[in-house]
Amino acid sequence: MKNTKKLLSLLLVIAMIFALAVPAFAEGETPSMAGKTIIVHSNDVHGAIAGYANIAALAAEYESQGAKVIVADAGDFSQGKVEVSSNKGLNAVKMMNAAGYDIATLGNHEFDYGYAQLKENLKEATFSTICCNILDENGKPAFEGSKVFDIDGLKVGFIGVNTPESQTKANPALIKGLTWLAGADMVKAVQAEADKLKADGTDVIVVLSHLGVDSESEPNRSTDLWAGLTGVDFIIDGHSHSVMEKGDNNEPIQSTGTAFANIGVIVIDDASKKIESNSLYEIKEDTAKDATVATAAKTIVDRVDKEYGVVFAKSEVTLNGAKAPNGNRDSETNNGDLITDAMLWKVMQNKEGLTVDADHVVAITNGGGIRAAIHKGDISKLDVNTVLPFG
């Protein structure tokens, strides 16, 4: 009798384990997201590569519930942290491949290493890259303007557009020959792609825009673009690091912030072929991660920590890393002073090479290029590269 009870208990435990291992829906039951196509999206990742494991896990979760999933990004993935800047953005492309991205547009920081380097990086991409408002030296589109995904008869089209601020936020020598369509010309370029997609029977049209909503970006903001378009259903936005599920005037524009603070989610109903909802999925410490993607990210982080983590100096004070107010973009700061003093020091090591009097040598640095603080105490190469990722 005792042995029988033990056997029954063992069988019960095995049954419970098996129940936990199978999907949440039983045989014959419709999965909760069946009949839906979901776009999960990011923007302004800026080298926060650990988050790719989160977006991969979320995409897999929706797929396990019966949904079809498209993974998209709205730019600025290849600059911001040493994990991606150490090999000129290529690690970002590799991580996006690992996470299963399907499509991306370009941010202004994709051009930090130059157009030639960007093209080399994108040769490694297993995802499509689209952008309709950048012309090459021959006046032809430098990239594909749009792409359509046909998912069991549902056609979802994406159009890419990049901020014209890239022309002044990247080294001019590294983007020589490229031209950005701006203002009304940018709107016309996006509208032309939308009209083409509509004529081809595309059901849902989404713009992947790296434009932002900051007032300083007017008239090239995502809200300006939306106001000039017809036939477009939604804009996934980047550039201003905004956290929003809609524009100030209820425009269908969503942005996740930066560095995987959130993942964007857009749900399309396959039957009606309409967007039925959009939301932001907040990423927390315990948010699920894809193990394989997490391992790929850790390999990169560990290498960077080993190579760049050696302490070589010490600061007696905290060096200001703020933007504004009272930061590097609107004020004199001790961080900016140290950087420009270092530039002067370096130049003055070769006084013989000067073509002007020594007291006529000055140093200027862009406040927007100072990206972080250095805290009081030990300093490593990683700290310096985090403050100055643009070289």
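Quick note: structure is the one above.
Residues numbered from 1 in each chain as written. Predicted model: local features only at pLDDT ≥ 70, side-chain atom pairs only at ≥ 80, totals over all residues. Heavy atoms only, no water.

(A) Region of interest: the layout of surface pockets. Within this model, the largest pocket holds a volume of roughly 1200 Å³. Looking at the lining of the largest pocket, the elements with two or more residues in it are α6 (166-169), β15 (311-315), α10 (334-347) and α11 (381-387). The leading source of residues in the lining of the largest pocket is α10, at five residues. A per-class count over the lining of the largest pocket returns 19 nonpolar, 17 polar and ten charged. The space that makes up the second largest pocket amounts to roughly 260 Å³. In terms of lining residues, the second largest pocket is bounded by 16 residues, among which His-46, Gly-80, His-241, Thr-258 and Arg-371 are the most central. Looking at the lining of the second largest pocket residue by residue, the classes come out as six nonpolar, six polar and four charged. (1 Å grid on protein atoms, 1.4 Å probe; cavity = no way out; pocket = protein on both sides within 12 Å on 5 of 7 lines; lining within 4 Å. Points joined across faces, edges and corners; volume = space filled by probe spheres on them. Helix = DSSP H or I, 4+ residues; strand = E, 2+ residues; numbered from the N terminus. Nonpolar A, V, L, I, M, F, W, Y, C, P; charged D, E, K, R; others polar.)

(B) Structural context of the side chain of Ser-78. Within the element layout of this structure, Ser-78 appears in the loop between β2 (68-73) and α3 (82-85). Looking at Ser-78, the relative accessible area reads 3%, which means it is buried. In this structure Ser-78 touches Val-84, Gly-89, Ala-92, His-109, Glu-110 and Tyr-113, once residues within four positions along its chain are discounted. (Buried < 20%, exposed > 50% of the residue type's maximum accessible area, 1.4 Å probe, protein only. Contact = heavy atoms within 4.5 Å.)

(C) A look at the packing of helix α2 (residues 52-64) against helix α4 (residues 90-99). With their axes 9 Å apart at the nearest point, α2 and α4 run at an angle of 20 degrees to one another. For the element pair α2 / α4, the angle class is roughly parallel. Two packed elements cross with a definite hand, and for α2 against α4 that hand is right-handed. Residues Tyr-52, Ile-55 and Ala-56 of α2 pack against Ala-92, Met-95, Met-96 and Ala-99 of α4. Taken together, the residues of the contact of α2 with α4 sort by class into seven nonpolar, no polar and no charged. (Axes fitted to C-alpha atoms, helices over the stretch in contact; angles between N-to-C directions. Parallel < 35°, antiparallel > 145°, perpendicular 65-115°, else oblique. Left-handed = near helix turned anticlockwise from the far one by under 90°.)

(D) Here's a closer look at the sheet that holds strand β7 (residues 154-162). With mixed pairing, six strands are arranged side by side in an open sheet as β6-β7-β9-β10-β12-β11. Each end of this open sheet is capped by a strand with a single partner; those strands are β6 (146-151) and β11 (243-244). Relative to strand β12 (residues 253-256), β11 runs antiparallel, the two being bridged by two bridges. Bridged to Met-244 within β12 is Ser-255. Most of the contacts of helix α7 (residues 183-199) go to β7, to which it runs at about 165 degrees, and overall it touches β6, β7 and β9 (204-210). (Pairing = 2+ DSSP bridges.)

(E) Structural detail: the environment of Thr-129. Here Thr-129 shows up in strand β4 (residues 128-129). Under the relative-accessibility criterion, Thr-129 is labelled buried at 15%. Along the primary structure Thr-129 and Ile-159 are separated by 30 residues, whereas in three dimensions their C-alpha atoms are 9.9 Å apart. Excluding its chain neighbours within four sequence positions, the residues that come into contact with Thr-129 are Ala-104, Leu-106, Leu-122 and Glu-144.

(F) Region of the structure containing the nonpolar core. Counting 52 residues, the largest nonpolar core has Val-40, Tyr-52, Ile-55, Tyr-62, Tyr-101, Phe-111 and Phe-143 as the members making the most contacts within it. Elements with a contribution of two residues or more to this core: β1 (36-42), α2, β2, α3, α4, α5 (115-122), β13 (262-269) and α9 (291-308). Per element, the largest residue contribution to this core is seven residues, and it comes from α2. Not counting the four nearest positions on each side in its chain, Tyr-52 is found in contact with Val-45, Phe-77, Ala-92, Met-95, Met-96, Ala-99, Tyr-101, Phe-260 and Val-293. (Core = buried A, V, L, I, M, F, W, Y, C linked by side-chain atoms within 4.5 Å.)

(G) Main features of the packing of aromatic side chains. Here the structure, examined in full by the defined rule, presents six aromatic pairs. Summarising the aromatic geometry, the rings of Phe-77 and Phe-127 are spaced 6.4 Å apart at their centres and angled 85 degrees between planes, so their arrangement reads as edge-to-face. You can see Phe-77 sitting in the loop between β2 and α3 and its partner Phe-127 sitting in the loop between α5 and β4, a full 50 residues away along the chain. Residue class for Phe-77 comes out buried when judged on its relative accessible area of 1%. Residue class for Phe-127 comes out buried when judged on its relative accessible area of 6%. (Phe/Tyr/Trp six-rings, centres within 6.5 Å; stacked < 30°, edge-to-face > 60°.)

(H) The arrangement of the sheet that holds β1 in detail. Spatially, β4-β3-β2-β1-β13-β14 is the arrangement adopted by the six strands of the open sheet, whose pairing is mixed. With partners counted over all chains shown, the strands left at the sheet margins are β4 and β14 (274-282), one partner each. With six bridges connecting them, β1 and β2 associate as parallel partners. Directly across from His-41, in β2, lies its bridge partner Ala-72. The strands touched by α2 within the sheet are β1, β2, β13 and β14, with β1 carrying the most contacts at an inclination of about 175 degrees.

(I) Molecular detail of the pattern of salt bridges. Applying the stated criterion across every chain yields a total of eleven salt bridges. Between Lys-273 and Asp-203 there is a salt bridge, with its nearest N and O atoms 3.9 Å apart. Here Asp-203 lies in the loop between α7 and β9 and Lys-273 lies in the loop between β13 and β14, a separation of 70 residues in the sequence. On the basis of relative accessibility, which here comes to 31%, the residue Lys-273 falls in the partly exposed class. One network of salt bridges, with partners in common, ties together Lys-36, Asp-269 and Glu-276. (Salt bridge = Lys/Arg side-chain N within 4 Å of Asp/Glu carboxyl O.)

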